[in-house]
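Tertiary structure, described
Given next are the chains, with one letter for each unit.
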Amino acid sequence: MRKLITLSILLLSFGMVSAVNAKTCELEIDSNDQMQFDKSEMTVAADCTEVKLTLTHSGTMAANVMGHNWVLTKTDDMQSVATAGMSTGLENDYMPEDLSKVIAHTEVIGGGESTSVTFDVSELSKDVHYSFFCSFPGHWGIMKGKFIIE
Ligand code: CU
């Protein structure tokens, strides 16, 4: 019985510690038929352990014509990931087969749709430059921005 009580106390303490340390921060970004995001910079507080990112598309054009996704990489990896994703098609959300350089990404959506992704940011550093972009072919040159850990 004593063992059981000790175990319960341990579990309870662990649960409390987890609850204190875990913080999910929510971010929203909109995209449109003019091939634009409504933000060129997104900031996450350093104490966020997880981000829930919601992407909306306020246009009306279909995903195969003006589809958008939201992809996060180190800024240094943006070009290679965007280039590798270009040829994989809408069915693969224009994401490269090798996702090792991708920190997070949503699916591609069309006008009137929305999607979200939740990902771990506890390993991201404020000393590293990160960028978000849309990997739909031809979009990332314009549809990109800085992702900053404060
Ligand atoms: Cu796009």
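Structure: above.
Now for a look at the structure at hand. (Residues numbered from 1 in each chain as written. Predicted model: local features only at pLDDT ≥ 70, side-chain atom pairs only at ≥ 80, totals over all residues. Heavy atoms only, no water.)

1. Re the overall build of the protein
In plain terms, the rule: By definition, any uninterrupted DSSP run of H or I lasting at least four residues is a helix, any uninterrupted run of E lasting at least two residues is a strand, and each is numbered from the N terminus. The classification of residues rests on relative accessible area computed with a 1.4 Å probe and restricted to protein chains. Under 20% of the type maximum is buried, over 50% is exposed, and intermediate values are partly exposed. Note on contacts: a residue pair qualifies if any of its non-hydrogen atoms lie within 4.5 Å across the two residues. Using a 1.4 Å probe, the Shrake-Rupley method yields the accessible areas, and only the shown protein chains count as cover for residues.
In terms of helices and strands, the protein carries three helices and eight strands. Reading the secondary structure of the protein in the N-to-C direction produces α-β-β-β-α-β-α-β-β-β-β. When each of the 150 residues of the protein is scored for burial, the buried share is 40%. Of the contacts formed within the protein by residues at least 6 apart in sequence, a portion of 75% connects residues at least 24 apart. When the accessible surface of the protein is summed, it comes to about 8,700 Å², and 54% of that surface belongs to carbon and sulfur atoms.

2. Remarks on the pattern of salt bridges
Quick note on the threshold: Any Lys or Arg side-chain nitrogen found within 4 Å of a carboxyl oxygen on Asp or Glu counts as a salt bridge.
Under the criterion given, the structure shown has two salt bridges. In this structure, Asp-47 and Lys-23 form a salt bridge, with 3.1 Å as the shortest nitrogen-oxygen distance. Of this pair, Asp-47 sits in the loop between β2 (41–44) and β3 (50–57) while Lys-23 sits in the loop between α1 (2–21) and β1 (24–31); the two residues are 24 residues apart in sequence, bridging distant segments of the chain. The partly exposed category is assigned to Asp-47, whose relative accessible area is 46%.

3. Overview of the coordination of the copper ion
Just so we agree on the cut-off: Atoms are scored as donors when they are N, O or S and lie within 2.8 Å of the metal, with 3.2 Å used for Na, K and Ca; no water is included, so coordination may look incomplete.
Bound to the copper ion on the protein side are His-68 (ND1), Cys-134 (SG) and His-139 (ND1), at distances that span 2.1 to 2.2 Å. Here the donor residues for the copper ion map to a single chain with the spacing H-x65-C-x4-H. On the criterion of sequence distance, the pair formed by His-68 in the loop between α2 (63–66) and β4 (71–74) and Cys-134 in the loop between β7 (130–133) and β8 (144–149) is long-range, its members being 66 residues apart. Accessibility assignment for this pair places His-68 and Cys-134 in one class, buried.

4. A closer look at the sheet that holds β3
The line we're drawing: Strands are labelled as partners when DSSP assigns at least two bridges between them. Fitting a line to C-alpha atoms yields each axis, with helices limited to the stretch in contact; the angle taken between N-to-C directions then spans 0 to 180 degrees.
Spatially, the three strands line up as an open sheet ordered β1-β3-β6, and their pairing is mixed. Unpaired on one side and paired on the other, β1 and β6 (114–120) mark the two borders of the sheet. Averaged over neighbouring strand pairs, the angle between their axes works out to 20 degrees when direction is ignored. Bridge count for β3 against β6 is seven bridges, and the pairing is antiparallel. Each bridged residue has a counterpart across the sheet, and for Leu-53 the counterpart in β6 is Val-117.

5. Section: helix α3 (residues 78–85)
Counting along an α-helix, one turn takes 3.6 residues, and residues three or four places apart therefore face a common direction. Note the threshold: Think of it as the arc spanned by the lines of direction from the helix axis to the C-beta atoms.
When we look at burial in α3, the residues that qualify are Met-78, Val-81, Ala-82 and Gly-85. Within α3, the buried residues cover an arc of 100 degrees as seen down the axis, which keeps them to one side. In the core, the buried residues of α3 are packed alongside β4, β7 and β8.

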